[in-house]
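Residue-level structural notes
What follows is the residue order along each chain.
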Amino acid sequence: MTHKLSACCPTGVDVEQLFSDWFDDGVAVLMSEYNTNGPVEVAVAPPISRDAQEKLRQNDFNVTVVAQDVEQLFSASPSIFRQTKKITDAFLELREVENFLDELVVKHPDQARVKQIGKTENGTPIHMMIIKSQISPAASLAGANNVSPVVFLDSGTHAREWLSVSTSLYAIQQLLEQPSSPARQVEWRIVPVVNPDGYAYSWNTVGIGSSRRPCSDIFRGPAAFSEPETRAVRDAFLEVRSEVKGYISLHSYSQVIMLPWSYQPDVHPNLKNMVLQ
Ligand SMILES: [Zn+2]
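An account of the accompanying structure is given in this report.

Cut-offs and rules
Residues numbered from 1 in each chain as written. Predicted model: local features only at pLDDT ≥ 70, side-chain atom pairs only at ≥ 80, totals over all residues. Heavy atoms only, no water. Helix = DSSP H or I, 4+ residues; strand = E, 2+ residues; numbered from the N terminus. Polar contact = N/O pair within 3.5 Å; in protein donor to acceptor, adjacent residues only side chain to side chain. Contact = heavy atoms within 4.5 Å. Phe/Tyr/Trp six-rings, centres within 6.5 Å; stacked < 30°, edge-to-face > 60°. Buried < 20%, exposed > 50% of the residue type's maximum accessible area, 1.4 Å probe, protein only. Lys NZ or Arg CZ within 6 Å of the ring centre and 35° of its normal. 1 Å grid on protein atoms, 1.4 Å probe; cavity = no way out; pocket = protein on both sides within 12 Å on 5 of 7 lines; lining within 4 Å. Points joined across faces, edges and corners; volume = space filled by probe spheres on them. Nonpolar A, V, L, I, M, F, W, Y, C, P; charged D, E, K, R; others polar. Pairing = 2+ DSSP bridges. Axes fitted to C-alpha atoms, helices over the stretch in contact; angles between N-to-C directions.

**Topic: the side chain of His268**
- Note that His268 resides in the loop between β9 (244–249) and α9 (271–276).
- Within the local environment of His268, its side chain forms a polar contact with the backbone nitrogen of Asn270, the two atoms lying 2.9 Å apart.
- When residues no more than four places from it in sequence are discounted, the contact partners of His268 are Pro260, Trp261 and Met274.

As structure tokens, then:
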């Protein structure tokens, strides 16, 4: 089964309703900038491909096909990584992500460690990489006694957003290889794969996420922190809460930086400081 990637510009419709209808039809909206009248990119998978494409055409949304077969774009990447060992060459499977982190800890034992912060429903461990600050020789690796300013970063919350995982692994590698970088004046706490079960599932299952599937991009659980993954991240955050100076959550894909409150048009009272700092 192949996924076709298309771009279109919905105009003159209730876009939220449209996306909801598309989702029911198996059409995944990958990027939307409809608030600024920009293009929307959607992945369309058979067997509904023809119907969905027809719907787009009927609405005169100026559809263009970006890629005929999305899988083909990255199917060769794992074998390339095994040869080059460069994180920018390939997406890594969950097991390879764990190995990647372990190897970095072996290489930089005085700078980094991996901590298990929880387990998924299936018992899969959720790991966090701690990279100590270079201005705190007392070693922020000490955990609860940490005194360094901390920046939190997570990725891989939404299973199919593989690029977010690769981006945080690349950041981890760069931070460790450049200890004199200004970025090393803080301690980094990075959870590369918040949702390891979903990530593994998305590697082994062809399909677009839905509420019936573990790699859903919209599943939020029945209540805040109802899921073991979000509880694990919350608890890891609270452990160093008073030291946290920033929190970054990586997703893909769009060319946007979203600051609170991103779910509603009101401006956050502290927006100016968030942008300037
Ligand atoms: Zn996401």
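Next comes the rest of the write-up.
**Things to note about the packing of aromatic side chains**
- Counted under the stated rule, the structure contains six aromatic pairs.
- Measuring from centroid to centroid gives 5.8 Å for Phe237 and Tyr247, while their planes differ by 50°, and the two rings are tilted. Separated by ten residues along the polypeptide, Phe237 in helix α8 (residues 228–239) and Tyr247 in strand β9 bring together distant segments of the chain.
- Residue classification places Phe237 among the partly exposed positions, given a relative accessible area of 24%.
- Across the ring face of Phe225, the terminal group of Arg234 is positioned such that the distance to the ring centre comes to 4.9 Å.

**Focus on empty space enclosed by the protein**
- Going through the model one piece at a time under the given rule, you end up with one cavity of 30 Å³ or more.
- Contributions of two or more residues to the lining of the largest cavity are made by α5 (94–107) and β6 (125–131).
- Looking at the lining of the largest cavity element by element, the count peaks at four residues for α5.
- Counted by class, the lining of the largest cavity contains eight nonpolar, one polar and one charged residues.

**Focus on the environment of Leu163**
- Here Leu163 shows up in helix α6 (residues 162–177).
- Residue Leu163 is classed as partly exposed on the basis of its relative accessible area, which comes to 45%.
- Distance in space between the C-alpha atoms of Leu163 and His251 is 7.6 Å, their sequence separation being 88 residues.
- In contact with Leu163, other than residues within four places in its own chain, are Phe91 and Ser252.

**Quick look at the sheet that holds strand β7 (residues 150–154)**
- Spatially, five strands are ordered β5-β6-β8-β7-β9 in an open sheet, and the strand pairing comes out mixed. Among the strands making up the open sheet, the edge pair consists of β5 (112–119) and β9. In this sheet, adjacent strand axes meet at a mean angle of 20° when their direction is disregarded.
- Looking at chain direction, β5 and β6 are connected through seven bridges and run antiparallel. Residue pairing in the sheet places Gly118 in a bridge with Ile126 of β6.
- Packed onto the sheet, α8 meets β5, β6, β7, β8 (187–191) and β9 and runs at close to 130° relative to β5.

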